[in-house]
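So the chains spell out like this:
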Amino acid sequence: MDKLKFIEKLNELDVSGKSTIELYNEISALAMQCGLEGTKQIQGKNAYYLSMEFLIGRSFYNNLLEIGVLEETQDILSSKGVDINIFEEIEDAALGNGGLGRLAACFLDSAAGLDLPLHGYGIRYKYGLFKQKFENGFQVELPDDWQGMGDPWSIRRDNEKRLIKFADMEVYAVPYDMPVFGKRINRLRLFQAEGSAEAEKISEVLYPADDTEEGKLLRLRQEYFFSAAAVGELLDGFVKQRGKNFDKFPEYNVIQLNDTHPVIAIAEFIRLLTVKYRLTFAKALNLAKNTFAYTNHTILPEALECWQEEHIKKILPDIAEIMLKISVYAMREFKTLGCSKEQASEMAIYKSGTFYMANLAVFIAKTVNGVAALHTEILKDSLFATAHKFYPNKLQNKTNGITHRRWLELCNKELSKLLDETIGDSWRTDISELDNLKGFTDSTVDEFIQVKQIKKEQLLEYIARKEGVEIPADCLVFAQVKRLHEYKRQLMTAFAVLELYYGIKSGRLSSLHPCVFIFGAKSAPSYKRAKAIIKFINEIAKKVNSDEQTCDKLRIVFVQNYNVSYAEKIVAGTDVSLQVSTAGLEASGTGNMKFMMNGAVTCGTMDGANIEIVERAGKENNYIFGATVTELSRLKSEGYNPMNYCSEEEHRKALESLIDGSFSDGGSGEFKALYDSLTIGASWHEPDNYFVLYDLDSYVKTLIKVCQDYSDRKTFAKKQLTNVANSAYFSSDRTIKEYAKSIWEI
Ligand code: 26Q
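The shown structure was predicted, so the numbers you read here are calculated from the model rather than taken from an experiment. (Residues numbered from 1 in each chain as written. Predicted model: local features only at pLDDT ≥ 70, side-chain atom pairs only at ≥ 80, totals over all residues. Heavy atoms only, no water.)

## Considering the sheet that holds strand β21 (residues 576-579)
At step 1: The strand order across the open sheet formed by six strands is β20-β19-β18-β21-β22-β23, and the pairing between neighbours is parallel. Among the strands making up the open sheet, the edge pair consists of β20 (554-559) and β23 (623-624).
At step 2: Relative to β20, helix α21 (residues 528-545) is tilted by about 145°, and along the sheet it contacts β19 (515-520) and β20.
At step 3: Contacting β18 (476-481), β19, β21, β22 (601-604) and β23, helix α28 (residues 692-710) crosses the sheet at an angle of about 145° to β18. (Pairing = 2+ DSSP bridges. Helix = DSSP H or I, 4+ residues; strand = E, 2+ residues; numbered from the N terminus. Contact = heavy atoms within 4.5 Å. Axes fitted to C-alpha atoms, helices over the stretch in contact; angles between N-to-C directions.)

So this is what it looks like as structure tokens:
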């Protein structure tokens, strides 16, 4: 890396008459050129992260920070009359949906920062996650043409393209390499599909609608396309460098499967070893067992991947055959282990025409990990209980983390500076130093209050500009930002806020501190009830914000097109992080960690990593409410009737507002469908499948308590700062060190 050269060249750069996009491309190219100088190839063991998603966000500021020239760039540009913030108009690279994709990006960042050789493999989608806007309160999706402004952070490698074969077509996988800057430079290699118009479709969109056979096959093609390209080049690269003694392959390579989406890589690995390199099936399978590791990110039944045999046979007959062979092999192994018929069936890879990808992953993977303590326990007790019984050493916990470089240093320069002044700046390179903030003084609390206020003002200004909603800066800021899903219970927040509104309006809650609820979420385009929830919240916002009687007390804003860059602003400016999923269903959550690190208290359920957050920062410094996993399982076994939990006037009124004409769904009938899902059940779900009405009462009470507590700003700020002081554990640097030590052995 040649910082001085970069600075020299940047000083020479002529900015006159150049557009933002031109400047962006020129400065990025310069940073690439200088940043890449002196890159070294690693000789020992490398880890590879196979993922359908990498939710990178904006690279510009982050890469300059990693290269160590962000401040200099700001100064030099400013001396030329250019405000570095103009590059905020550059689109995010949103090659992912949510948590799983963002985690992949955080992991790459941490590994590079820790000098660990971890490289990513994925797909270079032409269009990333759709851009969202609201029309009359309804979500509308627009294509995300993220490359429209150029892609200066990628290098196309034409000479390394590979041919990927399907039964009915052949496709080139052309690598685009994105350097991941840190203490070392790692590589994120994204493959683009080329060769014909048909071929190009494979890397066109993230998550094609899969309600048709064509859509399902396209997704299968995507999974195989990048998995095969990755595994193919790893094996060929090994042979080229070290010859055909494949016994040594696992000594130099470990492949982490990010959920089941790339699990087909296992079959391709065995196919190549047996067909191209002539190993026996048993030998190839054993090598696979020593090479792959698998992470599970969800236990929701609808998100567990299965493939119909006929689909795989149709476009990948050889792979189908190998998967069947693995299944037979597994069954034999289960028998020798003494499994009963039922136990073998629970772990089966193939059953009457269907492949169970998670079972395939668990059978082959050397390690299987969950992403937070509770989640891993649930995997051990439920989803993979049988496998855990017969393979007791496979399951591990690796609690997620977030990169403190993007999620603190970059998004909260003010808080970072306060930390530098209070505990020195060594936390930037060794996050465990943040522990030294524990035992902070009163004057640090005062300074923290000022920092939070600045970040809040910046956020609210941005929201006013973007959304046209003005929010007074003395508000207490709540935020619930994440993908829209019923289990995340944005609908429960909607009801709770509505109750606050009615309470304020009637005078019953007259002394609450003024507050704003910020929502941000995209719904899957075909997920009707999720879309209805967005519309419902927008309708509530319209009513509440325009009520002159209450609007100086309560505001609601649903920001459009929530993405990584928006998140950077929201996490820094928020007081209270809403993490209210049904206990047991949010595997980990990582937004909760971003908020914590920026000094928001968590108002949430005992779910996912929330549990570990309050374990560290103290329950007394956060706001925990609602049913626990144990309570819910008791409730389920007794037979849960939601109607028993909404008899109180306030809750009833909130629920009925879906159907009593308080709000309009534009005649779509969507609100009635939401109402039905809570009261009578919808699409194979029990009534109120996510226990919204059960937890609503304690949620509302907790929110009221938060508002009351906030009136004592200083005591509240102490809780917030205690959260910052205890957040080091949630840096993905810690997570990556754990993967490196007990999974990857790098
Ligand atoms: C499954 C079948 C067919 C098509 C798509 C899918 C599919 C796609 C994406 C299933 C799951 C996902 C994404 C899951 C995800 O983002 N999970 C989140 O992962 C985070 C990182 O571990 C956790 O923090 C979150 O709790 C978890 O929800």
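There's plenty left to go through after this.
## A few points about the pattern of salt bridges
At step 1: This model, assessed by the stated rule, comprises 54 salt bridges.
At step 2: One salt bridge in this structure joins E88 and K569, with 3.1 Å as the shortest N-O distance. Within this pair, whereas E88 is found in the loop between α4 (70-79) and β3 (93-95), its partner K569 is found in helix α22 (residues 564-573), the two being separated by 481 residues in sequence.
At step 3: Judged by its relative accessible area of 28%, E88 is partly exposed.
At step 4: Across the pair K488 and E586 runs a salt bridge whose closest N-O atoms are separated by 2.8 Å. Of the two residues, K488 sits in the loop between β18 and α20 (490-506) while E586 sits in the loop between β21 and α23 (591-597), which places them 98 residues apart along the sequence. Assigned by exposure class, K488 and E586 land together as buried.
At step 5: Each of R157, E160, D177, R187, R189 and E233 takes part in one network of salt bridges that share partners. (Salt bridge = Lys/Arg side-chain N within 4 Å of Asp/Glu carboxyl O. Buried < 20%, exposed > 50% of the residue type's maximum accessible area, 1.4 Å probe, protein only.)

## Considerations on empty space enclosed by the protein
At step 1: On inspection of all chains with the given rule, the structure shows five cavities of 30 Å³ or more.
At step 2: Here the largest cavity is characterised by a volume of approximately 240 Å³.
At step 3: Residue lining of the largest cavity: 18 residues in total, with I56, S59, N62, N63 and V180 positioned closest to the centre.
At step 4: When residues of the lining of the largest cavity are traced back to their parent elements, those giving at least two are β2 (54-57), α3 (60-67), α5 (99-113) and β9 (169-180).
At step 5: Element by element, the count of residues in the lining of the largest cavity is highest for α5, at four residues. (1 Å grid on protein atoms, 1.4 Å probe; cavity = no way out; pocket = protein on both sides within 12 Å on 5 of 7 lines; lining within 4 Å. Points joined across faces, edges and corners; volume = space filled by probe spheres on them.)

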